[in-house]
Each structure stands twice: as C-alpha cells, then as structure tokens.
Amino acid sequence: MNYANEQGKQLKISTMKDVKTCKKLNRTLTKWVIDLHGKGYTNDFSQINNQRLRCIQNCEDFPISDLSINVIDQGFDQLTQTYKYIHTIETMDGDKGLLVIEALCAPQLAN
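## Here we look at the nonpolar core
- Ranked by size, the top nonpolar core spans 11 residues in total: Phe45, Leu53, Cys55, Phe62, Ile64, Leu67, Ile69, Ile89, Leu99, Ile101 and Cys105.
- Only strand S4 (52-55) and strand S8 (96-101) provide two or more residues apiece to this core.
- Leu36, Tyr41, Ile86 and Leu98 belong to the second largest nonpolar core, which has five residues in total.

Here it is in structure tokens:
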C-alpha cells in the first residue's frame, strides 16, 4: 500500500501478507543453503563473467563449460531485496559448492 506523508512524499507500507511472504521466501533460500551444505556442497562460488566462476575458498577459477551446474530453486534475499537462483556446482576434481546469483547460470546459456 502507498500513502503520502505530510510532505507529500509517497510511503510504501507493507501489509502482513507481504511480510509473511518475504519471510517464507527467505526461509526457502536459507533452507536450501543449509540442506545443500549438509550434502557436501560446502564451497562458495562467485561469477567472474559469462564464461568463468571462482571458488571463494581457494580462489581457483573455472570455465563454466568444465563445471556441472544445476539450478535448484529461486528464493528471495531479504538483504538485497532481490530474487536469487541457487545453483549447485561440481568441479572435475570432485569439489562441490553453491552459486547464489540473480540470474540463471548454465553452460548452454553462457554462449
């Protein structure tokens, strides 16, 4: 809902439904990360560009085409107020980790 304050500026007021939805979606994102960490996906990956990812723990860079990437789900990140996709990443050496970003990341989409 939007209301005007005394100076005429628009204020956005969240309804309880909005708050409950955000909490539910944020819990979805958190639950996936915790569950996947328990399954051995303990490394964290960041996207360097359309073609490469970096493991944050050891600073090793990988071409996306050399990785096994699976999109798991999408959830709402309350910190950044954006929706994020959760990806599992597996390297050729057997390392496993997660990539959580605002866009889909897959070898066939990277070209």
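## A closer look at the confidence of the model for the protein chain
- Mean pLDDT over the protein chain: 79, with 71% of residues reaching 70 or higher.
- Counting contacts from residues 1-7, a segment whose pLDDT is below 50, to residues more than four positions away or on other chains yields 14 contacts.
- Across residues 9-17, confidence stays below pLDDT 50; counting only partners more than four residues off in sequence or on other chains, it has 15 contacts.

## Comments concerning the pattern of salt bridges
- In this structure the tally under the stated criterion is three salt bridges.
- The partner of Asp61 in a salt bridge is Arg54, and the shortest N-O contact between them spans 2.6 Å.

## Side note on the pairing of strand S7 (residues 82-90)
- Note that strand S6 (residues 68-77) and S7 share nine bridges and pair antiparallel. Residue Gly75 lies in a different strand from S7, and its bridge partner there is Lys84.
- Joining the antiparallel neighbours S6 and S7 is a turn of four residues, in which Gln81 adopts a positive phi near 60°.
- Judged from the six bridges that link them, S7 and S8 form a sheet pairing that is antiparallel. Within the sheet, the bridge partner assigned to His87 lies in S8 and is Leu99.
- In textbook terms, the turn of a hairpin is the stretch between consecutive antiparallel strands, and for S7 and S8 this stretch comprises five residues, one of which, Gly94, has a positive phi near 95°.

## So, the side chain of Lys84
- Relative to the helices and strands, Lys84 is located in strand S7.
- With a relative accessible area of 11%, Lys84 lands in the buried category.
- Only 3.2 Å separates the side chain of Lys84 from the side chain of Asp77, close enough to count as a polar contact.
- Ignoring any residue separated from it by four or fewer positions in sequence, one finds Lys84 in contact with Asp73, Gln74, Gly75, Asp77, Val100, Ile101 and Glu102.

Calculation criteria
- Residues numbered from 1 in each chain as written.
- Predicted model: local features only at pLDDT ≥ 70, side-chain atom pairs only at ≥ 80, totals over all residues.
- Heavy atoms only, no water.
- Core = buried A, V, L, I, M, F, W, Y, C linked by side-chain atoms within 4.5 Å.
- Buried < 20%, exposed > 50% of the residue type's maximum accessible area, 1.4 Å probe, protein only.
- Helix = DSSP H or I, 4+ residues; strand = E, 2+ residues; numbered from the N terminus.
- pLDDT = per-residue confidence, 0-100.
- Contact = heavy atoms within 4.5 Å.
- Salt bridge = Lys/Arg side-chain N within 4 Å of Asp/Glu carboxyl O.
- Pairing = 2+ DSSP bridges.
- Polar contact = N/O pair within 3.5 Å; in protein donor to acceptor, adjacent residues only side chain to side chain.

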